[in-house]
Amino acid sequence: MSDCKKYKTLLIGLMDGELSPEEIHDVNKHLVKCELCRNEYDALSSAGMEIEKVTFAEPSEAELNRLWKAPYSRWTKNSGLLMILIGWLTLIVYAVVEALRDSQEPLFSRLAVAAVIIGFLVLLVNVLRERIITYKNDPYKEVER
Ligand SMILES: [Zn+2]
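Residues numbered from 1 in each chain as written. Predicted model: local features only at pLDDT ≥ 70, side-chain atom pairs only at ≥ 80, totals over all residues.

**Student:** Is there a simple way to explain helix 1 (residues 3-15) in this structure?
**Tutor:** The α-helix advances 3.6 residues per turn, and as a result positions three or four apart in sequence lie on the same side. With 13 residues, helix 1 should cover 18 Å at 1.5 Å per step; its first-to-last C-alpha distance of 18 Å lies within 8% of that length. By the burial criterion, the buried members of helix 1 are Tyr7, Leu11 and Leu14. Across the axial projection of helix 1, the buried residues extend over an arc of 60 degrees, all falling on one side. Counted as exposed and oriented over 90 degrees from the buried face of helix 1: Lys5 and Thr9. Two residues or fewer after helix 1 comes glycine 17, characterised by a positive phi angle close to 65 degrees. (Helix = DSSP H or I, 4+ residues; strand = E, 2+ residues; numbered from the N terminus. Expected span 1.5 Å × (residues − 1). Buried ≥ 20, exposed ≤ 12 C-beta atoms within 10 Å, placed from the backbone. Arc of directions from axis to C-beta.)

Structural data, given as structure tokens:
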């Protein structure tokens, strides 16, 4: 049947829910009498189910927004920040230990390490101060009581 080629495209449209009611009716009529296309449709359906399962697992954008606004995701954001700070601190401590252990280390590199530490402390104080201000104005703080 020469129509089958045309119906194959329509079958994909049917799977994606893109067909008009007339087209759906047309495809159904063809499926009833054409075994070839019925098999094609079955193959597409099972493949489509797999795809649907995957997309179903993905939260919708609204869901993501809701999660992002939920109090615990604030905690997630804060803990993310904390992890960056801890990681940073570890690197600095490592640099300091390395610089102190190696007495051959030239003065400028010790000064560089000192500058990094001071810079880090200044940033840390700033971040903490901002965090405290944010926390004071945090509307969710009341909710948790
Ligand atoms: Zn057919």
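**Student:** Can you help me understand the nonpolar core in this one?
**Tutor:** Soluble globular proteins tend to pack their nonpolar side chains together in the buried interior. Core analysis: the largest hydrophobic core is formed by five residues, namely Tyr7, Leu11, Leu14, Cys37 and Tyr41. When residues of this core are traced back to their parent elements, those giving at least two are helix 1 and helix 3 (35-57). In terms of residue count, helix 1 provides more of this core than any other element does, three residues in total. Apart from residues no more than four positions distant in its own chain, leucine 14 is found in contact with Leu19, Ile24 and Val27. (Core = buried A, V, L, I, M, F, W, Y, C linked by C-beta atoms within 7 Å. Contact = placed C-beta atoms within 7 Å.)

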